[in-house]
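# Coordinate analysis (summary)
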Amino acid sequence: MNKTTALLLMGSALPAAVAAQGRYNVVYIMTDDHTMQMMSCYDSTLVETPNLDRIARDGVKFVNSYVANSLSGPSRACMLTGKHSHKNGFTNNEHGVFDGSQQTMPKLMQKAGYQTAIIGKWHLVSDPTGFDYWNILPAQGDYYNPTFINMDKTQTREKGYVTNIVTDKSIDWMEHKRDRSKPFILFVHHKACHRAWLPEIKYLHEYEDKTFPVPETFYDHYEGRPAAAAQEMSIDEDMDMVYDVKMYRPGAKTPLTPTYLSMVGRLDTEDRAVYDHFYDSLSTDFYARNLTGNALAEFKYQRYMRDYAKVLKSLDDNVGRLLDYLDASGLSDSTLVVYTSDQGFYMGEHGWFDKRFMYEESLTTPLVMRLPKGLDARGEISEMVQNIDYAPTFLELAGAPIPDDIQGESLVPLLRGEHPRKWRKSIYYHFYEYPAEHMVKRHYGVRDERYKLIHFYNDIDVWELYDLQNDPHELHNLYGQPGTEKVTKRLRKELRKLQEQYDDPIRLQPGM
Ligand code: SGN
Ligand code: CA
């Protein structure tokens, strides 16, 4: 902790609640697969998210917010440790088991006198460590009547919709379960808006009269980008007609796949009837139309967008509910509220759903914060930040020392309204999960304020270079083009520097 923060935290200018307790609380809300294009304070083209926007309106919005490895488990591990994947050991969902014996931010917060709790999606396989209280979803969890794992390892099937339940449990913990003599950090980890986008029953009909604009890049043919061409996350080709799109043949002998049934079969009889009635009629209509080609692809896109938007609507309601609770309970002045997602997502850009690539839609992640009294930044923050920065930020706010091996930077100066001259001018990214679902090849890269250099490796050796100013949709791979030698050289040097700084064992060799 530097001197200014120490003074700030001890100072008499602090509101009574903070002064009595000495330190800020943190409510960290993280969703799954929520992306900036679907959050109206970032982009109001597609949907309105009034409650999420409240956080930005009353606080700050990071407009250059990135992940280090665009996948759930890895992002969660980066957040918990403040370290890149190769350091925290959780590089991919498929084979990863988080080593819970390592140093983590929640453990350091405990040491600093904080109560720590996590509710909702965990996705790191091993049991949570460093939490005084946890109540988590197994693996990806379920939308309907979800099962939770309790601290004694028993499982409880709860009645209702997952987003409401995670919020109820979070409010209940703050209101009834915590030790009020201590500051706290609460991690509210939603399943929303993960695949397969199952709406709350009361919102089944929302957005049904809305036609979402088809993204400019929906029919991308991936010229000059063989790794982009090799993926299996195309709405047209890979999105499943039953599991994802929920178009089954009503009345057919085997209309429903087992995976679909495992999600929807959890509904109570009454809700199931409402659900079936809704999708039966859409399915009947769909199969009568015999759509093919672009018409079929765009039909799938509309279904995807509508269901995702419905799931998001429940999420937005629930974030509003949590903010209202913090206001009503008098916690708002002393509590930092963070809203983010484990990564961004494709909403039809390049023809895709899912994430993984270092392209903008999935490299970025929403990040807004409502600040407690004493932290004065407001509006947009344009410094480049990454999910490895959250751990040191919370530690600094807790007045705890930030260990040297943490790789992120504390955002506290930015939250005070400062713009440190030496702030990072580029970020490092490394994605590992290949071969695996969606078949996005392994790659690492660097992004600075204007350019991006990516190296796809393993069973391919392809470089990509983008000028984000002239080509924001990343359609034109400039790598190797005449006139780009200088910028390529500069970015390659920057990439090598970051790989050395973060000590990534997979890296460019000297001279490359
Ligand atoms: C599941 C999904 C994938 C998704 C991964 C990772 N398939 O495996 O589409 O990419 O999760 O998502 S599904 O058939 O099970 O729905 S992550 O957000 O948890 O990383
Ligand atoms: Ca995710």
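The notes below deal with the structure included here. Computed from a predicted structure; not experimentally measured.

Let's shift gears to the packing of aromatic side chains. Summed over all chains, the structure comprises 33 aromatic pairs. Where Tyr-144 meets Tyr-275, the ring centres are 6.2 Å apart and the plane angle is 80°; that geometry is what we call edge-to-face. With Tyr-144 in the loop between β5 (133-137) and β6 (147-149) and Tyr-275 in helix α10 (residues 269-289), this pair connects stretches of sequence that are 131 residues apart. In this structure Tyr-275 comes out as buried when scored by relative accessible area, which is 0%. Taken together, a centroid distance of 6.2 Å and an interplanar angle of 80° make the contact between Tyr-304 and Tyr-308 edge-to-face. With Tyr-304 and Tyr-308 both in helix α11 (residues 293-328), this residue pair falls four residues apart, about one helical turn. On the basis of relative accessible area, Tyr-304 is assigned to the buried category, the value being 2%. Taken together, the ring pairs in this structure connect Tyr-222, Tyr-346, Trp-352, Phe-357, Tyr-359, Phe-456 and Tyr-466 into an aromatic cluster. Residue placement shows Lys-61 over the ring face of Tyr-42; its charged tip is 5.4 Å from the ring centre.

Taken together, the neighbourhood of ligand 1 is formed by 18 residues, with Gln-140, Tyr-243, Asp-354, Glu-437 and His-438 sitting nearest. At 2.8 Å from an oxygen atom of ligand 1 is found a side-chain nitrogen or oxygen belonging to Arg-195. Arg-356 places a polar side-chain atom, nitrogen or oxygen, 2.8 Å from an oxygen atom of ligand 1. Surface burial for ligand 1 is 84%, taken as the share of its 460 Å² of free accessible area covered by protein chains. Assessed atom by atom at 2 Å from the grid points, ligand 1 resides in the second largest pocket.

Perfect tetrahedral coordination of a metal by four donors corresponds to 109.5 degrees between them, and perfect octahedral coordination by six donors corresponds to 90 or 180 degrees. Distances from the calcium ion (ligand 2) to its protein donors, Asp-32 (OD), Asp-33 (OD), Asp-342 (OD), Asp-342 (OD) and Gln-343 (OE1), fall at 2.1 to 2.7 Å. Each of the six donor atoms around the calcium ion (ligand 2) contributes to a set of angles spanning 53 to 171°, which defines the coordination as irregular. Donor residues for the calcium ion (ligand 2) sit on one chain with the sequence pattern D-D-x308-D-Q. With Asp-33 in the loop between β1 (25-31) and α3 (50-58) and Gln-343 in the loop between β9 (335-341) and α12 (360-363), this residue pair connects regions lying 310 residues apart in the sequence. Each member of the pair, Asp-33 as well as Gln-343, carries the same accessibility label: buried.

Attention shifts here to helix α15 (residues 485-501). Taking 1.5 Å per residue, 17 residues should reach 24 Å; α15 reaches 24 Å between its end C-alpha atoms and fits that length. The set of residues buried in α15 consists of Val-487, Thr-488, Leu-491, Arg-492, Leu-495, Leu-498 and Gln-499. Take α15 and look down its axis: the buried residues cluster within an arc of 130°, on one side only. Those residues of α15 that are exposed and aimed more than 90 degrees away from the buried face are Glu-485, Lys-486, Lys-489 and Lys-493. Along its buried surface, α15 packs onto β13 (426-431), β14 (443-448), β15 (451-456) and β16 (462-467).

So, how was this worked out
Residues numbered from 1 in each chain as written. Chains lettered and ligands numbered in written order. Predicted model: local features only at pLDDT ≥ 70, side-chain atom pairs only at ≥ 80, totals over all residues. Heavy atoms only, no water. Phe/Tyr/Trp six-rings, centres within 6.5 Å; stacked < 30°, edge-to-face > 60°. Helix = DSSP H or I, 4+ residues; strand = E, 2+ residues; numbered from the N terminus. Buried < 20%, exposed > 50% of the residue type's maximum accessible area, 1.4 Å probe, protein only. Lys NZ or Arg CZ within 6 Å of the ring centre and 35° of its normal. Near = heavy atom within 4 Å. Polar contact = N/O pair within 3.5 Å; in protein donor to acceptor, adjacent residues only side chain to side chain. Areas by Shrake-Rupley, 256 points an atom, 1.4 Å probe, with all protein chains shown as cover. 1 Å grid on protein atoms, 1.4 Å probe; cavity = no way out; pocket = protein on both sides within 12 Å on 5 of 7 lines; lining within 4 Å. Sits in = over half its atoms within 2 Å of the grid points. Donors = N, O, S within 2.8 Å, 3.2 Å for Na, K, Ca; no water. Tetrahedral: all angles 85-135°; square planar, octahedral: opposite > 155°, others 65-115°. Expected span 1.5 Å × (residues − 1). Arc of directions from axis to C-beta. Contact = heavy atoms within 4.5 Å.

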